[in-house]
Amino acid sequence: MGEFKVHRVRFFNYVPSGIRCVAYNNQSNRLAVSRTDGTVEIYNLSANYFQEKFFPGHESRATEALCWANGQRLFSAGLNGEIIEYDLQALNIKYAMDAFGGPIWSMAASPNGSQLLVGCEDGSVKLFQITPDKIQFERNFDRQKSRILSLSWHPAGTHIAAGSIDYISVFDVKSGSAIHKMLVDRQYMGVSKRKCIIWGVAFLSDGTVISVDSAGKVQFWDSATGTLVKNHLIANTDVQSIAISDQEDSFVVGTAEGTVFHFQLVSVTSNSSEKQWVRTKPFQHHTHDVRAVAHSPIALISGGTDTHLVIRPLMEKVEVKNYDAALRKITFPHRRLVSCAKKKQLLLFQFAHHLELWRLGSTVATGKNGDTLPLSKNADHLLHLKTKGPENVICSCISPCGSWIAYSTASRFFLYRLNYEHDNINLQRVSKMPAFLRSALQILFSEDSTKLFVASNQGSVHVIRLLEGSFKHLHTFQPQSGTVESMCLLAVSPDGNWLAASGTSAGVHVYNVKQLKLHCTVPAYNFPVTALAIAPNTNNLVIAHSDQQVFEYSIPDKQYTQWSRTIQKQGFHHLWLQRDTPITHISFHPKRPMHIFLHDAYMFCIIDKSLPLPNDKTLLYNPLPPTNESDIIRRRTAHAFKISKKYKPLLFMDLLDERTLVVVERPLDDIIAQLPPPIKKKKFGT
Amino acid sequence: MAALEEGFTLTAVPLGSGPDGPLGVEQSDKTDQFLVTDSGRTVILYKVSDQKPLGSWSVKQGQIITCPAVCNFQTGEYIVVHDNKVLRIWNNEDVNLDKVFKATLSAEVYRIHSIQGTEPVVLFKEGAIRGLEALLAEPQQKIETVISDEEVIKWTKFFMVFRHAVLIFITEKHGNYFAYVQKFNSRILSKYTLLLGQEEKSVTQSFSTSVHRKFISLMSLSSDGCVYETLIPVHPSDPEKNQRVVRSLLLKSVVSGNARSGVALTILDQDHVAVLGPPLSASKECLSIWNTKFQTLQTSKELPQGTSGQLWYHGENLFMLHGKFLTVIPYKCEVSSLAGALGKLKHSQDPDIHAMTHFVNWETSQGYGLGSQNSEQSKRILRRRKIEVSVQLEVPPSTQLLAAIQKDSEKHIEVELRKFLAVKRTPDFHTIIGDVVIGLLGRYKAEPSFYPRNCLMQLIQTRVLSYSLCPGLMEFALEKTDVQILQLCLQQFPDIPESVTCACLKIFLSIGDDSLQETDINMESVSDYTATIQDGEIEEQTEILQNGFSPEEDNCKNCAQELIEKPQAATEESTSCPVTGKRAALLNAILHSAYSETFLLPHLKDIPAQHITLFLQYLYFLYLKCSENATMTLPGIHPPTLNQIMDWICLLLDANFTVVVMIPEAKRLLLSLYKFVKSQISICSELNKIEVSFRELQKLNQEKTNRELYSIEVLELF
């Protein structure tokens, strides 16, 4: 298949933000996750847990609460005191509204979805009415002494429970007055702690309130009498989150030690109707605090400071062995954070608030498989570009020639011109960006670096001609009438004639750049697109979907290629379909049109279309064959998928030239090393 | 009181039998119906209560039946052998035996046996045994010879022992008797030589067997008129070896010593045997019932017309030949009581139910009246066209059992329970078991004299119970101070609450040694280490290295000093077990039980200090025993582990330190524990150091592989 020189890059110092909240939407089977930097991500659990949308974070917007309301509307609230609604179509913030109660610590949507409740720093609980296009303040509940850290509605919507510091209040929604105040024991194993913080409450339809607190307790209260019914001491540290299933027969709590406990309502004896809550299963998938948990019908979902999103299926609820039956640990975003200027061998790394530009090193040595070559020149850190303003970077790109850099935040678009004079770099911002170029979801340069393509969040794609130090707006491909879905992925053909753009659900649109019109639309597929690329010469569009299917579509012929039909007919290898990270980048070999390079987080693969496809009996991941094996056998067992799992976790892989690859790895240990230390647990009894 | 009722002749016409009498009387699949095979050509099915034949089948002229007909309880068909080798199988509707299923075998058949709950087996004259199904699959299969040349099978019996079929047959060779026991679950044929004891010249004339716990009790009636008992183990220690078993005299002179023939013996129940024969040399022949326990004659009945020396006992009926007629004498045995003996027993108002006490008949009770009969019917039924299966919807045994619990006597419940346990386990078996226990306990609550101990023991040993399945069982046992049940529960239940564990511990520590002596406790977990080692090994004991740390290295000089001052006393204390073996077994059950520290601690505080001290001494003793060998384990089957011992020491001290420290007797113990903990701490600190250095090594190793943030490598893809 070939020998490559691989630039193995580990200096991309990317650290994901910790997870602060998760909210599960049963209706659409989607999961909203907010991170400590204010980013909100939407995962589609039906589409192989693909992260299909994200809203960039903001320095001043620390999200403390996240909830779905009124069907599929997503709200968040944070320490800046604002309630924010997100526009899930246009992928931007619909509006932000100050609740005027100081920092907001908690939020809960009423069971019928028409009202929103927030708990504020000043001890107030505020009720908002959700109107079709906004929210409207309705009234305050009785002010409490200290901040309201957790809220839960009774399923009938008549009462709410509010967790504060040292006590839980039960409010009557109609009157807005507190009818019970349940004091929580501060004592922990005989030692009096300073305060007992109620991190979470859950109100059951039988009137039971479940609370979790900083003393490590899970407590059951009778809201009618205001009395403690049952007490489970489950941890030496804080229990920080609770989520209950819709059937109210099971709930999950997360602790600061990284343990997630599953509680279930089980019969006391066989065939007796008396049931009680029993702690059934502990799970230790986290090293740090579990800040948020969610309970989907088939899985326990948890996330926390260690940045992993863990989806742990409940085996008793899973019927068939498929994606749902496997434990998922999602660490890296399902989008590209690295772009590459092939000709100049430059890598552009995207961080939340800055960009880094690196030049790869070089070597003159050669070697055989597995060798590490001596470097004649090390990699250089050329540029550290800090963004302006508090907003996070949404996307960034470097042109193939290396002389343009573009990035976008939620409100501004930046374009820079780079001049290289020996070792000096001259960075020049292109000013006076047109008004329509305010924010971009995806930026792409054409292969010859003369055109810039910008996918905006209105569903339109702008084409801009780049000149030396200036630019000219050529055209805007408007979305088809009636659709407002924004485009998230772009691909341009190497000859610059074709542009493919894809949103999250509808099909891929292919535009003719020469004639500036829509050429065709690839039929929509059930699963979202994770990566797009157009092959040189043939102009075949290769599309990877989140269910691990890969399609090849001939743009000139406006139909799927023969190879694509063949592989669809035969089906992919079962191990290929069982991979659990999406393909995030596709590239091609300039000289070998039969090869497709693609990668996910744990492998990269070269598909050789000339070789036979593997069936389920063949070995998909072939280890290195022993040297004494004859060429004949090797040829017979060869199949189209050449997979290497040597580099992982893999954030980016591209072909620099015919014989050179660049891979960007981000070892998990390096991420953990940058996290705050976890709570130390003792070993060996001392 | 055993009693023989008025007998009646079964056949109005004399059987066309020769002097040998009928070949056999066997039960059919319906109660009250019996198959009588005469020694000629005829098999007759009788309904005994009606005293009339229901059907009669004969083989052709010239053929002769050589083995009594039996009923296959799984299919309801009848099986007979004629001319030694030809097997015939038919059912009620067949008329002519010539037209029914026929299989010619390659060897001569001695007997076919069939009992409820298992398939019939065929015993060949050469001693080989085959299941009927296997035999019919290939009738001409080669039959091996098991017994030696001149050995002759004298007697044989087929029965169930603990749900497994067992066949026993007795052979004779030159006046020596051998017993063969074939178990069908293990396919092991064990051979025993029956040693006759002193009365060498006597000839054994009749045999009968019953199963008593782990032994098959083989009774033989000798020509000297005495009944001897031989115990043959059900599970032989060494099945391969030819073993010898000795018989012992059970009853003396039940029949006249010089009776030639007409002598027979059959076991009726645990304590009663029926003997056929002349009691005195000159007298007429008699049927007598003897109580073997008290060695008394219970009742007897004269048979003036003589008999053939054959006696069958099926379902409360004794069958024998009286003159030329087959006679049936119903037999009943009531529970004997002092009141009965004194004539003060009130006859119950409801004689129909209470007059007849049910006995465990191990021949019939297994799988008797079970719903699973139909499901277990053999496949072969499909082969026969006209078979009529009587599909009765029977009451499931579980409901039957639950009903029995509500009203029946303890003994009857035991019978029902055994029946239930004998059936194949259904998916809801454990819930039914739970319900049964709850039912038993409920009855106990309503009726405190009712104490179904045996039932409970049996139920606990099914290994499907848990604490939550039958809450109250352990409380009940605690109330009764029944340490045996408590031990069983602790061993079997996975989910005992800590409060109950602690209550058990309290009882185990406080119960008197004399009351322990009487109980039957499983001593499996206690091996010989509780035996006191008095002297001779003191030198060795003082040199114990505690986890590799010798006390000399200890800083605690003065306490070590103090210990050294009284080395004699200290070692004595440590080497002899502070509790008796039975108590140790009980405490080990506690050590094995699961618990959660947080919940156990508050309960441990309630135990009196001297008991705590005793338990601590025992635990310390166990620890010392553990540290005697390199693997840090105790000898024996399933002993407590070192971790369990350590955890309990910690728990006890945590809970009761302030109390224990005040007791002068505990001082030395605490000192030695203190010393021990010190050595443990130093071990742990060493372990921590090792862990840290390992981690550093690992880090170094990782850095070596992952150090470079940037490298250019060569990769070849194949």
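See the structure shown above.
Rules of the game
- Residue numbers here run from 1 along each chain, matching the order of that chain's written sequence.
- As a convention, the first chain written is A and the first ligand written is 1, with the rest following in written order.
- Thresholds applied to this predicted model are a pLDDT of at least 70 for local features of residues and 80 or more for the giving and counting of side-chain atom pairs; totals over whole chains, interfaces and linings are not thresholded and use all residues.
- The basis for every side-chain value is the complete set of heavy atoms in the structure, and neither hydrogens nor water enter the calculation.
- Labels follow the DSSP assignment, with helices taken as runs of H or I lasting at least four residues and strands as runs of E lasting at least two, numbered in each case from the N terminus.
- Type-normalised accessible area, obtained with a 1.4 Å probe on protein chains alone, sets the label of each residue: buried when under 20%, exposed when over 50%, and partly exposed for intermediate values.
- Contacts are assigned to residue pairs that have any heavy atoms within 4.5 Å of one another.
- Using a 1.4 Å probe, accessible areas were evaluated by the Shrake-Rupley method; residue-level cover was limited to the displayed protein chains.
- Lines fitted to C-alpha atoms define the axes here, with helix axes fitted over just the stretch in contact, and angles between the N-to-C directions of these axes take values from 0 to 180 degrees.
- Each angle gets one of four labels, with under 35 degrees taken as roughly parallel, over 145 as roughly antiparallel, 65 to 115 as roughly perpendicular, and the rest as oblique.
- Left-handed is the label given to a crossing in which the near helix is rotated counterclockwise from the far helix by less than a right angle, and right-handed is the label when the rotation is clockwise.
- Note that Gly is not counted as nonpolar here; it falls among the polar residues with everything else outside the nonpolar set of Ala, Val, Leu, Ile, Met, Phe, Trp, Tyr, Cys and Pro and the charged set of Asp, Glu, Lys and Arg.
- Points on a 1 Å grid, built from protein atoms alone, make a cavity when a 1.4 Å probe fits but cannot get out and make a pocket when they are open with protein on both sides within 12 Å along at least 5 of 7 lines; residues with an atom within 4 Å of a point are the lining residues.
- Grid points are joined across faces, edges and corners, and a volume is the space filled by probe spheres set on the points.
- Whether two strands pair comes down to DSSP finding at least two bridges between them.

## Digging into the overall build of chain A
Then step 1. The secondary structure content of chain A amounts to 4 helices and 58 strands.
Then step 2. Looking at chain A as a whole, 59% of its 686 residues qualify as buried.
Then step 3. Across chain A, contacts joining residues at least 24 apart in sequence account for 48% of those joining residues at least 6 apart.
Then step 4. Taken as a whole, chain A presents about 27700 Å² of accessible surface, with 51% of it coming from carbon and sulfur.

## A few points about unusual backbone geometry
Backbone phi values are negative for most residues with the exception of glycine, while trans is the configuration of most peptide bonds.
Then step 1. Residue A:P649 is bonded to the preceding A:K648 through a cis peptide linkage, with omega at -5 degrees.
Then step 2. Assignment of secondary structure puts A:P649 in the loop between β56 (641–644) and β57 (650–657).
Then step 3. Even without glycine at this site, A:Y49 takes up a positive phi of about 55 degrees.
Then step 4. Note that A:Y49 resides in the loop between β4 (40–44) and β5 (50–55).
Then step 5. Overall, A:Y49 belongs to the buried group, its relative accessible area being 3%.
Then step 6. The phi angle at B:T481 is positive, at roughly 50 degrees, despite the residue not being glycine.
Then step 7. Secondary-structure assignment places B:T481 in the loop between α8 (473–480) and α9 (483–492).

## Description of the packing of α9(B) against helix α10 (residues 498–510) of chain B
The packing of two helices is summarised by the inter-axis angle and the distance between the axes.
Residues and elements named next belong to chain B.
Then step 1. The contact between α9 and α10 brings their axes to 11 Å, and the two run at 140 degrees. Considering their axes alone, α9 and α10 lie oblique with respect to each other. At the point where α9 passes α10, the crossing takes the left-handed sense. Only T501, C504, I507 and F508 of α10 make contact with α9, whose side of the interface consists of V483, L486, Q487 and L490.
Then step 2. Its residues assigned to classes, the contact of α9 with α10 shows 6 nonpolar, 2 polar and no charged.

## Digging into empty space enclosed by the protein
Over the atoms rolls a probe the size of a water molecule, and its path tells where empty space is left.
All names here are of chain A.
Then step 1. One pass over the full model with this rule turns up 9 cavities of 30 Å³ or more.
Then step 2. Here the largest cavity defines a volume of roughly 180 Å³.
Then step 3. Around the largest cavity, the lining is made up of 18 residues, and of these F332, P333, H334, T581 and A601 lie nearest the centre.
Then step 4. Looking at the lining of the largest cavity, the elements that each hand over two or more residues are β31 (328–330) and β57.
Then step 5. Class assignment for the residues of the lining of the largest cavity results in 9 nonpolar, 4 polar and 5 charged.

## Describing the sheet that holds strand β44 (residues 470–477) of chain A
All names here are of chain A.
Then step 1. With antiparallel pairing, the 4 strands of this open sheet are ordered in space as β41-β42-β43-β44. Since the sheet does not close on itself, it has two edges, and those belong to β41 (440–445) and β44, each with one partner. Averaged over neighbouring strand pairs, the angle between their axes works out to 20 degrees when direction is ignored.
Then step 2. In this sheet, strand β43 (residues 461–467) lies alongside strand β42 (residues 451–456) in antiparallel orientation, the contact comprising 5 bridges. Bridge assignment links L452 to a residue of β43, and that residue is I464.

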